[in-house]
Amino acid sequence: MFERTRVASLLLAGVLGSAVAASADPWSDYMLHCQGCHGADGVGSRDGAPPFRGNFARLAQSEAGRAYLLHVPGVQAAELDAARLAAVLNWIARRYDGEETERSGFRPFTAEEVARALGQPLVAPRAERGRVLGEEHSAK
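Residues numbered from 1 in each chain as written. Predicted model: local features only at pLDDT ≥ 70, side-chain atom pairs only at ≥ 80, totals over all residues. Heavy atoms only, no water.

### Structural notes on unusual backbone geometry
Keep this limit in mind: Think of it in three bands: with a 1.4 Å probe and only protein chains considered, a residue is buried below 20% of the maximum accessible area for its type, exposed above 50%, and partly exposed in between.
You will see that Glu-79, though not glycine, has its phi angle at about 60 degrees, which is positive. Owing to a relative accessible area of 76%, Glu-79 belongs among the exposed residues under this scheme.

### Some remarks on the side chain of His-71
Filter applied, for reference: Each helix corresponds to a stretch of at least 4 residues labelled H or I by DSSP, and each strand to a stretch of at least 2 residues labelled E; elements are numbered beginning at the N terminus. Each polar contact in these results corresponds to two N or O atoms within 3.5 Å; when the atoms are within protein, one needs to be able to donate a hydrogen and the other to accept it, and residues that are neighboring in sequence are counted only if both atoms are side-chain atoms. Residue contacts are counted whenever heavy atoms from the two residues lie within 4.5 Å of one another.
Turning to its location among the elements, His-71 is positioned in helix α5 (residues 63–71). Within the structure, His-71 has its side chain in polar contact with the backbone oxygen of Ala-67 (distance 2.5 Å). Setting aside anything within four residues of it in sequence, one finds His-71 in contact with Gln-76, Ala-117, Gln-120, Pro-121 and Leu-122.

### Things to note about the state of the cysteines
What counts is decided by this rule: By disulfide we mean two sulfur atoms from cysteines, separated by a distance within 2.5 Å.
Tallied over the entire structure, the rule returns zero disulfides. The cysteine Cys-34 is free of any disulfide, with Cys-37 supplying the nearest cysteine sulfur at 8.7 Å. Take Cys-34: its relative accessible area is 16%, and that puts it in the buried class.

Here it is in structure tokens:
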């Protein structure tokens, strides 16, 4: 009896897990893979995860900034395929930095662009963010 209940529970968990994965959308993926550091409202954390508002679209405007966004540890460790990661990044841009995204002529991330970056995490994300933002500031 116990073994049958255990097997049934495992089968149900597998079916439910597949249904959740199949129906995942950018919001769900954000909640599962990004919210832990950036918060439900995208404001970041004291431990170094920056707020998205005022930063995300600005970074996405330059090739160096896009590279930074694609190589941060959270993107690299998200366990999502490239298409879902691109969808999450584009959702973040619209949701948390929408005004700047519209004003800047934001170029959406593509699955191909994301795929090229996977497997190459940044060693020092804070320092790289400072370097990228410093270069952008000095170029203006």
